[in-house]
Amino acid sequence: MDLSGKHVVITGGSAGIGATMAHAFAEQGARVLVAARSEEKLRVIADRIVGDRIVADFTNPDDVDGFVATCLDTMGHIDVFVNNAGVETSTSFATTDRDALRTIARLNFEATLLLTRDVLPHMLERGSGHIVQMSSVAGAIPFPGLAAYSGTKAGITNFTETLRLEIKGTGVDLTLVSPGPVETEMWERLENDHRPFAAVGLKRFARLGFLPKLTPEQIADATVDAVLQEKRFVRLPKRYGIYHLLSNAPRRLVEGALVGTKFPHDWKKG
């Protein structure tokens with residue numbers, strides 16, 4: 001997809017990976033709309049990229065339900081939609097606050113499903129579009145202290161791979177981004193958290209060399225390239241590739257078994 005003049009929406013676009021993606025897409029000539037809770041941070045990003053902004057709390061069902069419609073009112077159409085908003089945990093699941101679990105489930109998983117559901121008919125009707133889903137290596141491997149987070153990311157991964165089969169041949173593409181540790185405020189909170197479930201696992205993985213940190217720029221550049229080249233996956237660092245291959249093997253077997261099968265495009269009118 002040539003991004004020049006294309007309309008891109010990025011949730012969680014006020015900081016970290018989302019803000020860096022906004023710059024990367026804008027550098028390709030795209031018109032970018034960023035969304036998050038902080039109006040002040042959004043204004044800074046939108047002004048820098050000469051883009052649009054919408055203040056939205058994606059843990060609030062009302063904000064989720066009206067978001068895509070508001071984007072369409074603002075931009076007219078959407079070519080690329082990036083589900084990037086998310087939050088982490090760092091405690092044992094048994095001690096994680098119930099409200100925190102509800103927030104994680106709503107922001108990381110429910111919002112991604114619903115926003116995808118809302119933007120997909122628009123793209124299917126146009127016969128083109130690209131949806132980027134932000135997952136994590138934690139969606140492929142277990143990590144003590146991140147049980148709820150890992151569960152939501154595994155859900156996003158399997159959801160995206162199943163949806164890929166449903167919309168095959170429609171002109172709408174999907175990219176699943178599954179990075180390892182990234183130098184963001186989220187990872188800084190995890191590294192500085194000395195509670196047992198966060199610290200023990202991190203120290204062991206660090207000694208084994210399993211925690212090479214990426215920069216937001218690496219993720220943003222790889223994601224933009226994936227959209228340009230219509231790639232299915234962004235998996236960084238490369239040393240984590242075996243985790244993803246093993247985790248995705250059953251899905252690829254199912255995909256192979258369904259070769260030649262045509263599912264009805266029941267979303268078409270008439």
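Up top you'll find the structure we're talking about.
What comes next is a walk through the structure. Just so it is clear, the model here is predicted, and its values are computed rather than measured.

**What about the pattern of salt bridges?**
Close approach of charged atoms allows side chains of opposite charge to pair.
For step 1, the next point in the chain: Enumeration according to the criterion identifies nine salt bridges in this entry.
For step 2, the next point in the chain: Put simply, Asp-225 and Lys-231 hold a salt bridge, and the shortest N to O gap is 2.7 Å.
For step 3, the next point in the chain: Take Lys-231: its relative accessible area is 37%, and that puts it in the partly exposed class.
For step 4, the next point in the chain: Sharing partners across several salt bridges, the network here consists of Glu-161, Arg-164, Arg-232, Arg-252 and Glu-255.

**Some thoughts on the pairing of strand β1 (residues 7-11)**
For step 1, the next point in the chain: Burial of β1 is extensive: five of the five residues sit out of reach of the surface.
For step 2, the next point in the chain: Burial along β1 is two-sided: His-7, Val-9 and Thr-11 facing one way and Val-8 and Ile-10 facing the other are all buried.
For step 3, the next point in the chain: Taken together, the five bridges between β1 and strand β2 (residues 31-36) define a ladder with parallel strand orientation. In the strand pairing of β2, Val-9 is matched with Leu-33.
For step 4, the next point in the chain: Pairing between β1 and strand β4 (residues 80-83): three bridges, direction parallel. If you follow Ile-10 over to β4, its bridge partner there is Val-82.

**Notes on a nonpolar patch on the surface**
For step 1, the next point in the chain: Taken together, the side chains of Ile-242, Leu-245 and Leu-246 define a hydrophobic patch exposed on the protein surface, amounting to about 320 Å² of accessible area.
For step 2, the next point in the chain: Assessed through its relative accessible area of 47%, Ile-242 is described here as partly exposed.

About the cut-offs
Residues numbered from 1 in each chain as written. Predicted model: local features only at pLDDT ≥ 70, side-chain atom pairs only at ≥ 80, totals over all residues. Heavy atoms only, no water. Salt bridge = Lys/Arg side-chain N within 4 Å of Asp/Glu carboxyl O. Buried < 20%, exposed > 50% of the residue type's maximum accessible area, 1.4 Å probe, protein only. Helix = DSSP H or I, 4+ residues; strand = E, 2+ residues; numbered from the N terminus. Pairing = 2+ DSSP bridges. Patch = residues over 30% accessible without salt bridge, like charges linked within 9 Å, V, L, I, M, F, W, Y side chains within 5 Å. Areas by Shrake-Rupley, 256 points an atom, 1.4 Å probe, with all protein chains shown as cover.

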